[in-house]
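Report on the structure
These are the residues of each chain, in order.
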Amino acid sequence: MREKINNKFIIVNRQEKEVNNDINITGKNLIYEVLRVIEKVPLFLEKHITRLNDSIKLSNFSKFHNDDQLIKDIDKLININNVEVGNIKIVLDFNNKLIYLYFVPHNYPKQGDYINGIDTILFSAKRKNPNVKYIDISLREKINLKIKQDNVFEAILFDEDGYITEGSRSNIFLIKGNQIYTSPSDLVLKGITREIILEICKNSNIKVNEIRLKKEDIISFDGLFLCGTSPKILPIKSVSSYKFNSSSNSLILDLINKYNLFIDKSIKIYTGKTIT
């Protein structure tokens, strides 16, 4: 697997390495995490480490890394590259017992995408284990090709029975009235952003329905959005031929505001700043 690197230094098994454009990761049993850095702070780091360890258990692999050391190495990677904003990828190679840490190219939405919403398509696909961040190069290439061909931001996946699951690199939420709908947790990747949104909804008394929805049911909803490490919360204006006014939906706008405040609070906690 060839990986493009966004900065000068990577860390492999605690050792700094200087690289040019990309690296070659040869292992077949690869589990990964991607986390976002803002103001030199790795956002929701403990949640990412927890999910990484959950993926290892669900894959029946033997853990070979130390959590505390991994956290130190992530901070080190940020500092040696002097990065304020970016995405870090953690890759565990269980064949060769290697731990890779490096910055990857990121594709953050433009401001206009939040104002107007983004276009998506429906795509028939099913992950081997939806709760594990396992690298499936073949599936990723097929989805990327379709996204490029149709000139859209993301693909919304549905299974062989026609039920919506998640985005190819995001989670999906739908809005009807003052309630939120999303796929059951055991059928999708338990995204960190998704988890935080569920926490926000619980604390704000917003009802969330975790149910299976057919792809043709999408048109009956008022709006929808995707969420993930890079996009945060991003309104969707179209799903294939279905059109929505999601970027003007009051509930979506409220969640965007609350999620951004949650990020601000997390940065202050990490840096030890006073929270007001």
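What you see is a predicted model, and the numbers here were worked out from it, not measured in a lab.

Let's shift gears to the state of the cysteines. Applying the stated criterion to the full structure yields zero disulfides. Here Cys-201 is not disulfide-linked; the sulfur of Cys-227 is the nearest cysteine sulfur, at 10 Å.

Inspection of the secondary structure assignment puts Gly-228 in strand 15 (residues 223-228). Residue classification places Gly-228 among the buried residues on the basis of a relative accessible area of 9%.

Attention shifts here to the packing of aromatic side chains. As enumerated under the stated definition, the model contains six aromatic pairs in all. Between Phe-173 and Phe-225, the ring centres sit 5.1 Å apart and the planes meet at 10 degrees, which makes this aromatic pair stacked. Residue Phe-173 is found in strand 12 (residues 171-176), and its partner Phe-225 is found in strand 15; the two are separated by 52 residues along the sequence. Taken together, the aromatic side chains of Phe-44, Tyr-259 and Phe-262 make up a single cluster linked through ring pairs. Lys-97 extends its terminal NZ or CZ atom over the ring of Phe-64, reaching a point 5.8 Å from the ring centre. In this structure, Arg-169 is placed above the aromatic ring of Phe-153, and the distance from its NZ or CZ to the ring centre is 5.7 Å.

On to the pairing of strand 10 (residues 154-158). When you tally the buried positions in strand 10, you get five out of five residues, the bulk of the element. Here strand 10 shows a buried face lined by Glu-154, Ile-156 and Phe-158 and a second buried face lined by Ala-155 and Leu-157. Note on the crossover from strand 9 (residues 118-124) through helix 4 (residues 137-150) to strand 10: the handedness is right-handed. By the bridge criterion, two bridges tie strand 10 to strand 11 (residues 164-167) in an arrangement that is antiparallel. Paired with Ile-156 across the bridge in strand 11 is Gly-167. Adjacent in sequence and paired antiparallel, strand 10 and strand 11 are bridged by five residues, among which Gly-162 carries a positive phi angle near 85 degrees.

Take unusual backbone geometry next. In the Ramachandran plot, Phe-44 falls in the positive-phi region, its phi being about 50 degrees despite a non-glycine side chain. Mapped onto the fold, Phe-44 is located in the loop between strand 6 (41-42) and helix 1 (45-58). Look at Phe-44 and you get buried, because its relative accessible area is 11%. Residue Asn-205 is not a glycine yet carries a positive backbone phi of 60 degrees. Tracing the sequence through the fold places Asn-205 in the loop between helix 5 (192-203) and strand 14 (208-210). Its relative accessible area of 72% is what places Asn-205 among the exposed residues.

Before going further, it helps to spend a moment on the pattern of salt bridges. All chains considered together, the criterion is met by 13 salt bridges. Among the ionic pairs, Asp-22 bridges to Arg-2, the shortest N-O distance being 2.7 Å. With Asp-22 in strand 4 (residues 22-24) and Arg-2 in strand 1 (residues 2-4), this pair connects stretches of sequence that are 20 residues apart. With a relative accessible area of 30%, Asp-22 lands in the partly exposed category.

Here the focus is the sheet that holds strand 2 (residues 9-12). Read across the sheet, six strands follow the order 3-2-8-7-5-6 without closing on themselves; strand pairing throughout is antiparallel. Since the sheet does not close on itself, it has two edges, and those belong to strand 3 (15-18) and strand 6, each with one partner. Pairing analysis gives nine bridges linking strand 5 (residues 30-38) to strand 7 (residues 85-93), with the strands arranged antiparallel. Considered in strand 7, the bridge of Ile-31 is made with Leu-92. The strands touched by helix 1 within the sheet are strand 5, strand 6 and strand 7, with strand 5 carrying the most contacts at an inclination of about 175 degrees.

Compared with an ideal rise of 1.5 Å per residue, which puts 14 residues at 20 Å, helix 4 spans 20 Å between its outermost C-alpha atoms and is within 8% of the ideal. Residues Leu-139, Ile-143 and Ile-147 constitute the buried set of helix 4. The arc enclosing the buried residues of helix 4, seen along the axis, measures out at 65 degrees, which places them on a common side. In helix 4, those exposed residues whose orientation departs by more than 90 degrees from the buried face are Glu-141, Lys-142, Lys-148 and Gln-149.

Analysis parameters
- Residues numbered from 1 in each chain as written.
- Predicted model: local features only at pLDDT ≥ 70, side-chain atom pairs only at ≥ 80, totals over all residues.
- Heavy atoms only, no water.
- Disulfide = S-S within 2.5 Å.
- Helix = DSSP H or I, 4+ residues; strand = E, 2+ residues; numbered from the N terminus.
- Buried < 20%, exposed > 50% of the residue type's maximum accessible area, 1.4 Å probe, protein only.
- Phe/Tyr/Trp six-rings, centres within 6.5 Å; stacked < 30°, edge-to-face > 60°.
- Lys NZ or Arg CZ within 6 Å of the ring centre and 35° of its normal.
- Right-handed = clockwise from strand over helix to strand, strands pointing away.
- Pairing = 2+ DSSP bridges.
- Salt bridge = Lys/Arg side-chain N within 4 Å of Asp/Glu carboxyl O.
- Contact = heavy atoms within 4.5 Å.
- Axes fitted to C-alpha atoms, helices over the stretch in contact; angles between N-to-C directions.
- Expected span 1.5 Å × (residues − 1).
- Arc of directions from axis to C-beta.

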